[in-house]
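# Working through the structure, step by step
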Amino acid sequence: MVKARITGTGSYAPKRILSNRDLEKMIDTSDEWITERTGIKERRIAADGETTSDMAAKAGKRAIEMAGIEPDEIDTIIVATVTPDMDFPSTACFVQHKIKAHKAASFDIAAACSGFIYALSVGDSLIRSGNSRYVLVIGSEIFSRITDWTDRNTCVLFGDGAGAVVLGKATGHKGIISTHIHSEGSSWKLLCASSHEENAKTFIRMQGNEVFKVAVRALEEVAIEALEQSGLTGGDIDWFIPHQANERIIQATAKRLNVPMEKIYMNLQSYGNTSAASIPLALDEAVRSGKIKDGNLILLDAFGGGFTWASALVRW
Ligand code: UT7
């Protein structure tokens, strides 16, 4: 049976760093509070004029280079984002133009923090069906532009960045074993981006406490769904790469799955929550640092606004 395999990874984060100490000067917060409650120490902020597609294109180019292919070999580009450059065209169309992927079909997926795994799931299907030979899957977000910088409940959490993977055909046992995607729209008010009044600016709104509880439960359930389908347990995982929202959420989920701390890849201390970019950004770091080895079993796990939640099992 044909499978899809990740043949290259790439990422990009804007240069500007906003630390917890910087935030102390802007709002009533402290480095201690943010570190204890979230694990985040700093986040990156896109430059004026820098766009979601600029960042996506940079991450995408790096993934294409690692895959050892040319941009015009890409058949499909999928960008997961809820902070697109424009309402339309899609951010993926801008990426297609910027990286000169002349043949590629391009579209976006909006599933908030689960967006990358949703996009991976679609890309996986395109490869397995024979519809595409190479798919570029990107998560890219500029949350700093939908952040209310006067709201301490949310503004300490988010950051900007992009991550990407190239999918190609798998040979042998390596590749994407399965993907699992879910949604439940009834609780949308607990986590959304909208304007308070007509014609007002759009800002993230979140009831953090409520989201926290649902997130841990959903992350556990969808991870177990992936493991059970393949007759595996948390003990079989070599690397757990969850959505990087909050260190306490990650620890609670890992504990429920019996995955030890040393098998969790975490980089939220440096980037905060970058929504759809968080998993591919972490995956690229883990790959490039040599942590992920041939044959490793990797579990990706995400939860976000919608609510949406998703997992993927990958044999490297
Ligand atoms: O990516 C999509 C999914 N998103 C998530 O998974 C986020 C889920 N939620 C969380 O990560 C956590 O709920 C937060 C980090 C957002 C908040 O942590 P918490 O432990 O749930 O704190 P809380 O909201 O219950 O607030 C506790 C206290 C409150 O003060 P009182 O009412 O106890 O006096 C807040 O006003 O902390 C206060 N607080 C802050 N204090 C200093 C809230 N934000 C801050 C802040 N600095 N930035």
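Before going into details, it helps to say that this report is about the structure given with it. (Residues numbered from 1 in each chain as written. Predicted model: local features only at pLDDT ≥ 70, side-chain atom pairs only at ≥ 80, totals over all residues. Heavy atoms only, no water.)

## Here we look at the sheet that holds strand E13 (residues 308–315)
The condition is simple: Only strands joined by at least two bridges in the DSSP assignment are considered to pair. Strands are runs of DSSP state E lasting at least 2 residues, helices are runs of H or I lasting at least 4, and numbering of each runs from the N terminus. Working convention: axes come from line fits to C-alpha atoms, limited for helices to the stretch in contact. Angles between N-to-C directions cover 0 to 180 degrees. Throughout, a residue-residue contact means that at least one pair of heavy atoms, one from each residue, lies within 4.5 Å.
Spatially, E8-E13-E12-E11 is the arrangement adopted by the four strands of the open sheet, whose pairing is mixed. Among the strands making up the open sheet, the edge pair consists of strand E8 (175–183) and strand E11 (239–242). Along the sheet, successive strands turn relative to each other by an average axial angle of 10°, direction set aside. Taken strand by strand, helix H5 (residues 115–128) contacts E8, strand E12 (297–304) and E13, and its axis lies near 125° from that of E8. Against the sheet, helix H8 (residues 247–257) contacts E11 and E12, and its axis sits at roughly 140° relative to E11.

## Quick word on the nonpolar core
Let me state the cut-off plainly: By nonpolar core we mean a set of buried residues, namely Ala, Val, Leu, Ile, Met, Phe, Trp, Tyr and Cys, connected to one another through side-chain atoms within 4.5 Å. Burial classification: accessible surface area is computed with a 1.4 Å probe over protein chains only, and a residue below 20% of its type maximum counts as buried, one above 50% as exposed, and the rest as partly exposed.
Core analysis: the largest hydrophobic core is formed by 40 residues, its most contacted members being Ile237, Phe240, Leu299 and Phe303. Contributing elements (two or more residues each) for this core: helix H7 (208–229), H8, E12 and E13. For this core, the leading source of residues is H7, giving nine residues. Within the second largest apolar cluster, 35 residues are counted, among which are Ala111, Ile127, Val137 and Leu300.

## Here's the deal with the packing of helix H3 (residues 52–67) against helix H4 (residues 91–98)
The line we're drawing: Comment on the angle field: the value is read as roughly parallel under 35 degrees, roughly antiparallel over 145, roughly perpendicular from 65 to 115, and oblique elsewhere. Crossings are classed by handedness, with left-handed meaning an anticlockwise turn of the near helix from the far one by less than a right angle and right-handed meaning a clockwise turn.
As a packed pair, H3 and H4 sit with axes 9 Å apart at the nearest point and diverge in direction by 55°. Viewed along their axes, H3 and H4 adopt a mutual orientation that is oblique. The handedness of the crossing between H3 and H4 is right-handed. For the pair formed by H3 and H4, the contact residues are Thr52, Ser53, Asp54, Ala56, Ala57 and Lys61 on the first element and Thr91, Phe94, Val95 and Lys98 on the second.

## Some words on the sheet that holds strand E4 (residues 76–80)
Spatially, E1-E7-E6-E4-E5 is the arrangement adopted by the five strands of the open sheet, whose pairing is mixed. Of all the strands in the sheet, the pair left with one neighbour each is strand E1 (3–12) and strand E5 (105–109). Direction aside, neighbouring strands of the sheet carry axes that sit 20° apart on average. As judged from the five bridges shared by E4 and strand E6 (residues 135–142), these two strands associate in the parallel manner. Looking across to E6, one finds that alanine 80 is bridged to glycine 139. Relative to E1, H3 is tilted by about 125°, and along the sheet it contacts E1, E6 and strand E7 (160–170).

## Digging into helix H2 (residues 31–38)
Here is the rule we go by: By construction, the arc corresponds to the directions joining the helix axis to the C-beta atoms.
Those residues of H2 lying buried are Asp31, Ile34 and Thr38. The buried residues of H2 occupy one face: seen down the axis, they fall within an arc of 80°.

## Points about the layout of surface pockets
Here is the rule: Any residue with an atom within 4 Å of a point lines the site, the site being either a cavity, points on a 1 Å grid over the protein atoms alone where a 1.4 Å probe fits but cannot get out, or a pocket, an open set with protein on both sides within 12 Å along at least 5 of 7 lines. Grid points are joined across faces, edges and corners, and a volume is the space filled by probe spheres set on the points. Residues are grouped as follows: Ala, Val, Leu, Ile, Met, Phe, Trp, Tyr, Cys and Pro are nonpolar; Asp, Glu, Lys and Arg are charged; all remaining types, including Gly, are polar.
Empty space within the largest pocket amounts to approximately 760 Å³. If you go around the largest pocket, you meet 34 residues; those closest to its centre are Leu157, Met206, Gln207, Gly208 and Val211. Where the lining of the largest pocket is concerned, the elements lending two or more residues are H2, helix H6 (152–155), strand E9 (191–194), strand E10 (203–206), H7, H8 and E12. By residue number, the principal contributor to the lining of the largest pocket is H7, which donates six residues. The residue makeup of the lining of the largest pocket, split by class, is 20 nonpolar, eleven polar and three charged.

## As for the environment of alanine 312
Its location among the elements puts alanine 312 in strand E13. Alanine 312 sits in the buried class, given a relative accessible area of 0%. Put simply, alanine 312 and isoleucine 298 are 14 residues apart on the chain and 8.1 Å apart in space, counted from C-alpha to C-alpha. Other than its neighbours up to four places away in sequence, alanine 312 contacts Ile117, Leu120, Ser178, Thr179, Ile298, Leu299 and Leu300.

## Here's the deal with the site of the ligand
Test applied: Only a single heavy atom is needed: when it lies within 4 Å of a molecule or strand, its residue is near that molecule or strand. Note on areas: Shrake-Rupley, 1.4 Å probe, and residue coverage restricted to the protein chains presented here. Molecules are considered to sit inside a cavity or pocket once more than half of their atoms lie within 2 Å of its grid points.
Around the ligand sit 23 residues in total, of which Thr29, Arg37, Asn209, Asn246 and Asn273 are the nearest. When the ligand sits alone it has 950 Å² of accessible area, and the protein chains cover 75% of it. When each cavity is represented as a set of grid points, the ligand is found to reside in the largest pocket. For the shell around the ligand, the secondary structure elements donating two or more residues are H2, H6, H7 and H8. If you tally residues by element for the shell around the ligand, the top one is H7, at four residues. Partitioned by chemical class, the residues of the shell around the ligand number eleven nonpolar, eight polar and four charged.

## Brief notes about the packing of aromatic side chains
Spelled out, the test is: Pairing of aromatic rings covers Phe, Tyr and the six-membered ring of Trp, with a centre-to-centre limit of 6.5 Å; geometry is then stacked below 30 degrees between planes, edge-to-face above 60, and tilted otherwise.
Per the stated rule, a full pass over the model turns up three aromatic pairs. Measuring from centroid to centroid gives 6.4 Å for tryptophan 239 and tyrosine 265, while their planes differ by 70°, and the two rings are edge-to-face. Taken together, the positions of tryptophan 239 in strand E11 and tyrosine 265 in the loop between H8 and helix H9 (268–271) put the pair 26 residues apart, joining distant regions of the chain. Residue tryptophan 239 shares its accessibility class with tyrosine 265, and that shared class is buried.

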